[in-house]
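Below are the chains, spelled out letter by letter.
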Amino acid sequence: MTVFAAAVLTAGTALLGTPAVNAAPAQPERVTKGEDPANGPERNEIAATDTATGRSGLLRAFGENKVTKKDGYPRQTQLRVYPEDPSDSSIKLGLAPYHSIAPKLNEIQQRSDRVSVEVIGQSGLGRDLYLVTLTAPERAHETRQQDAWREEIENNPRSAARDNRLRREYKAPVWINGNIHGDEYEGTDGALRMIDYLATTGDRKALDLLKQHRVYFNVTANPDGRVTGVRPNANNFDLNRDFVTSAQPEGRAMRDIAIRTQPVAMLDEHGYVGGTLIEPTGPPHGQNYDFDLYIKHGYANGLKMEQGVKALGHAEAQNVQIPFRDYPVGEWDGWAPVFTAQYAMFHGAVSYTIEIPLQVNRGAYQSLPVSELRRRSSINTDVVESTIRSTLDYVSANRADLVANQIEIFRRGAAGEALRPIPDGFVPGFGPEDRYSTKFPRAYVIPAGGTQRSGSAAARLVDHLVAHDVKVTRAERAFQLNGRGYPAGSYVVDMHQPKRALANVMLEQGGDVSERAPLMYDISGWSHRLLWGASVDVAVSGDLRVQGKPVVVAAPTGGVDAAPGKDLTLTVRDGKDASAINDLLGRGIELRRRADGSIIVPAAARVDAIQVADRHGVRFGLAAAGEPGSPLRRLTIAAAVGPDELFALRDMGFDVRPVSTTVLNNGFDLSRVDVLFASSGLSFTGLNPAAKTALQAFLAKGGVVTRGATGSAFNSQAGLLPVKAVQGKGDANGVVTVANNAAGVIGAEALPNSFIYSPQWFTEIGAGVTVEQRYGTGNPLASGHWTSNEDGSGGPAAAGGQAAVVSGADESGARVVLFGTEPMFRAHPKGLYSQVANAIYWSATR
């Protein structure tokens, strides 16, 4: 232990009264991945509601946030204060309730010129998100210089590598992220301890640290979950699965912290695994990382944190697990970019997920005495504090090398260099099982004009890339690349850029890791190029010469392409198209739906169409002569769905009423519903006689859309479509190839790829049932993890060529669509939303 670590440990213990050794050591067992709520087939069992995390409208606070200083450091804010909430779940644990945080930070700001507090956003329920910065005071010109150096490191890394003054004076940033899972509390409390200590200590080592570093604390990343004592946020999203999708406000705030601070090191504080867990992960490791530049520091600091935690003396904290060293392949992997630590690596950070040891949430929270809970939470807070201390000590001792390391990551990206081969033994234990790599293309092109299937989808993808600090250029002139011509207005992602790894992890197809890992922690396949609805070309090589400008925001895509006095039409190819249709219906405009799925907008609604086109980025065309179509009115959906699906349906503008078996049994009125969506928490056999009678009456006039095992069971039990649902392997997930029915319900231009999690397919298809989509022949898995069950069933070969989506009408005339895929999973596969919207519109039409 170095002098700085020892000084902080000693001072922190004396100041805060941290207990020393505790008796009765626990006998921890390693907890494997895949056991988190809503990460597997269990997400089909409990339907989402509007009150799952206490949603009851936005919260009110006393006063306003008042910025009292914004130039240089400290840049302080007088924080508004929230009313005391005696039900805050943290109180029982002896931890900081959310309402106490703002007063505490206000008080610290008053007595220290090393601490700055900024509000970086709000949670889903309107609670402020606090970014606290600890650093030695800076004049405004000094802050501007630090900003310039940070910009130089990313955007001119060759210059940064030669900049001697930068090497001496740049304040290497460290980011500590706390409480991303609401009921994993102590990251917040360990952060508050360290904030108080660094803000007030007179220890020379700590003061020297703050002269050479900025230490950023995201005090609580999930205040709504913290208050109510649940893992997800108010929309029931797991925020540690949201990074490359950025569906949630808290996730976007963390994304922006990573970009703005550009940390050389970061910790994401979690719990609880029956031992202290400190990354780096085991394999598979993300194939886009310059892994040699990560693992050399990642493993070394992991060992330092292990030493620090053991030195606390807590018997329960002695079992320290470093997955890279201790875990089998796939049990705690670093493959998916959906987690905080794995995402932060793309911004140049040596990053870690930390799991503290003693459970205080869920069953333990309910069953253990308060005294035991508080004993545990005190030990957990010590562990959090120790990991922060050790990391600050490591960064301080290795500052120059860590800054150079980050510069080198960005230099390789800007130069377009290939990933470096890493020899066995590069760090102790590194071997063939750790070796993952990819080949970066020369560029990705998002074409303008007629080859673009959806202008709104293209704009969404471009804006998303830019928001994640990926550099995109919009061509001002036509150009050639890799033997293809592209018109002016096309977007180019030049893969010779500092954060090319992040660009590639979003846009490449991904990898099939089925044969290399027996199991995986979470999703293993994703692709914004294949699943977000935009047409994207891959230029493997070529001489890239594009005259254009950097994109700040994508060009507008909305418009009306028909003369006044003419009926308009819109084909639903994207979720934004559905949003536009639902917007018009919400305005009371009568629309009509033709058999080919196109929506007719009357000429009299032209002004509304122009407004809606601009708002949602869609283009209305001239309606050709033909059938008048069936009337389409504002639809109401009774949805027994997962929280991600509820979010996606509402994102498309549908009027959604959450239901479940219990809600229907309690007399929910189906007479005002147009479509029943069944994927979670709904059992036909569990309905009481009155609910079944009401359902039968509904089926005589309404439609049904289902997804997954719950939906297929409901279809079978209710006797809707004559098909047999076959369940694939429960943990199978990723991107698959599909073949679509060109004249089908889900859309003539449905994507050639889809997403699966615990997939299904349909066999023994009876009369009157239409196959809308089939899995690709052979092995349909494009990227992800999909193996067979022990008996050989449930694998990709068994699914190849089988029906993935079917439609038909039951005996009462109800139109029914069954999905075996996951078109709204975690709000990620946005290009598949249109399939759901088209299924809903079709099923509601008689």
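First, a word on scope: everything that follows refers to the structure included in this document. What you are looking at is a predicted structure, and each value in this text was computed from that prediction instead of being measured.

Topic: the sheet that holds strand β21 (residues 568–570)
Okay, step 1: An order of β20-β24-β21-β23-β22-β25 is seen for the six strands of this open sheet, with the pairing classed as mixed. Each end of this open sheet is capped by a strand with a single partner; those strands are β20 (559–561) and β25 (630–632). Strand after strand, the sheet turns through a mean of 35° between neighbouring axes, direction not considered.
Okay, step 2: Strand direction decides the pairing type here: β21 and strand β23 (residues 599–601), joined by three bridges, are antiparallel. In the sheet register, Leu-570 faces β23, and the bridge partner there is Ile-599.
Okay, step 3: Across the sheet, helix α20 (residues 606–616) lies against β20, β21 and β24 (619–622), angled at about 130° from β20, the strand it touches most.

Some details on the nonpolar core
Okay, step 1: Grouped together as the largest cluster of nonpolar side chains are 141 residues, with contacts concentrated most on Leu-134, Leu-198 and Phe-217.
Okay, step 2: Not counting chain neighbours up to four residues away, the residues in contact with Leu-134 comprise Arg-114, Val-115, Ile-195, Leu-198, Ala-199, Leu-210, His-213, Arg-214, Val-215 and Phe-217.
Okay, step 3: Within the second largest apolar cluster, 63 residues are counted, among which are Ala-648, Phe-819, Tyr-833 and Ala-839.

Looking at the pairing of strand β3 (residues 115–122)
Okay, step 1: Note: β3 against strand β4 (residues 128–134), seven bridges, orientation antiparallel. Considered in β4, the bridge of Ser-116 is made with Thr-133.
Okay, step 2: In textbook terms, the turn of a hairpin is the stretch between consecutive antiparallel strands, and for β3 and β4 this stretch comprises five residues, one of which, Gly-126, has a positive phi near 95°.

A few points about helix α17 (residues 500–507)
Okay, step 1: Judged by how many residues are buried, α17 sits mostly within the fold: eight of eight residues are covered.
Okay, step 2: For α17, the complete set of buried residues consists of Arg-500, Ala-501, Leu-502, Ala-503, Asn-504, Val-505, Met-506 and Leu-507.
Okay, step 3: If you follow the buried residues of α17, they end up packed against α12 (340–345), α15 (399–415), β13 (443–446), α16 (455–467), β17 (491–494) and α18 (528–531).

Considerations on the environment of Val-705
Okay, step 1: Turning to its location among the elements, Val-705 is positioned in strand β29 (residues 703–707).
Okay, step 2: Separated by 102 residues in the primary sequence, Val-705 and Ser-807 place their C-alpha atoms 9.0 Å from one another.
Okay, step 3: Apart from the residues within four sequence positions on either side, Val-705 is in contact with Val-675, Leu-676, Phe-677, Ala-678, Val-817, Phe-819, Ala-839, Ile-840 and Ser-843.

Regarding the packing of aromatic side chains
Okay, step 1: Scanning all chains against the criterion turns up 19 aromatic pairs.
Okay, step 2: Among the aromatic side chains, those forming a connected cluster through ring pairs are Tyr-82, Tyr-98 and Tyr-130.
Okay, step 3: Sitting above the plane of the Tyr-436 ring, Arg-516 keeps its charged end 3.8 Å from the centroid.
Okay, step 4: One residue, Lys-830, lies across the ring of Trp-532, its end atom 5.5 Å from the ring centre.

Here's the deal with the environment of Trp-842
Okay, step 1: Checked against the element boundaries, Trp-842 lands in helix α26 (residues 833–843).
Okay, step 2: Trp-842 sits 247 residues away from Ala-595 along the chain, and the two C-alpha atoms are 8.8 Å apart.
Okay, step 3: Ignoring any residue separated from it by four or fewer positions in sequence, one finds Trp-842 in contact with Arg-593, Val-745, Ser-807, Gly-808, Arg-815, Val-816 and Val-817.

Looking at the pattern of salt bridges
Okay, step 1: Scanning all chains against the criterion turns up 57 salt bridges.
Okay, step 2: The residue Glu-154 makes a salt bridge to Lys-499 at a minimum N-O spacing of 3.9 Å. Of this pair, Glu-154 sits in helix α3 (residues 140–155) while Lys-499 sits in the loop between β17 and α17, and the two are 345 residues apart along the sequence. Here the two residues Glu-154 and Lys-499 agree in accessibility, since each one is buried.
Okay, step 3: The shortest N-O distance in the salt bridge between Glu-590 and Arg-592 comes to 3.3 Å.
Okay, step 4: Residue class for Glu-590 comes out exposed when judged on its relative accessible area of 52%.
Okay, step 5: Ionic contacts of the salt-bridge type, sharing partners, join the residues Asp-290, Asp-292, Glu-408, Arg-411, Arg-412, Glu-417, Arg-420 and Arg-500 into one network.

Some remarks on the sheet that holds strand β19 (residues 548–550)
Okay, step 1: Spatial ordering of the open sheet is given by β18-β13-β17-β14-β19, a layout of five strands whose pairing is antiparallel. Looking at which strands have only one partner, the edges of the open sheet turn out to be β18 (537–539) and β19. Across the sheet, the mean angle from the axis of one strand to that of its neighbour is 25°, orientation sign disregarded.
Okay, step 2: Bridge count for strand β14 (residues 473–475) against β19 is three bridges, and the pairing is antiparallel. Residue pairing for β19: Thr-473 is matched across the bridge by Pro-550.

Regarding the side chain of Asp-333
Okay, step 1: Relative to the assigned elements, Asp-333 resides in strand β11 (residues 333–334).
Okay, step 2: Here Trp-335 takes part through its backbone nitrogen, which lies 3.0 Å from a polar atom of the side chain of Asp-333.
Okay, step 3: Of note is the side chain of Asp-333, whose polar atom sits 3.1 Å from the backbone nitrogen of Tyr-521.

Focus on unusual backbone geometry
Okay, step 1: Here Gly-271 and Tyr-272 are connected by a cis peptide whose omega angle stands at 5°.
Okay, step 2: Looking at the element boundaries, Tyr-272 is found in the loop between β7 (265–271) and β8 (276–278).
Okay, step 3: The amide bond that connects Pro-283 to the next residue, Pro-284, takes the cis arrangement and shows omega of 0°.
Okay, step 4: Within the chain, Gln-262 stands out as a residue other than glycine whose phi angle is a positive 50°.
Okay, step 5: Tracing the backbone through its elements, the reader meets Gln-262 in the loop between α9 (249–261) and β7.
Okay, step 6: Non-glycine residue Ser-758 carries a positive phi angle of around 55°.
Okay, step 7: Considering the arrangement of structural elements, one finds Ser-758 in the loop between β32 (753–757) and β33 (760–763).

About the thresholds
- Residues numbered from 1 in each chain as written.
- Predicted model: local features only at pLDDT ≥ 70, side-chain atom pairs only at ≥ 80, totals over all residues.
- Heavy atoms only, no water.
- Pairing = 2+ DSSP bridges.
- Helix = DSSP H or I, 4+ residues; strand = E, 2+ residues; numbered from the N terminus.
- Axes fitted to C-alpha atoms, helices over the stretch in contact; angles between N-to-C directions.
- Contact = heavy atoms within 4.5 Å.
- Core = buried A, V, L, I, M, F, W, Y, C linked by side-chain atoms within 4.5 Å.
- Buried < 20%, exposed > 50% of the residue type's maximum accessible area, 1.4 Å probe, protein only.
- Phe/Tyr/Trp six-rings, centres within 6.5 Å; stacked < 30°, edge-to-face > 60°.
- Lys NZ or Arg CZ within 6 Å of the ring centre and 35° of its normal.
- Salt bridge = Lys/Arg side-chain N within 4 Å of Asp/Glu carboxyl O.
- Polar contact = N/O pair within 3.5 Å; in protein donor to acceptor, adjacent residues only side chain to side chain.

Purely geometric numbers; function is a separate question.
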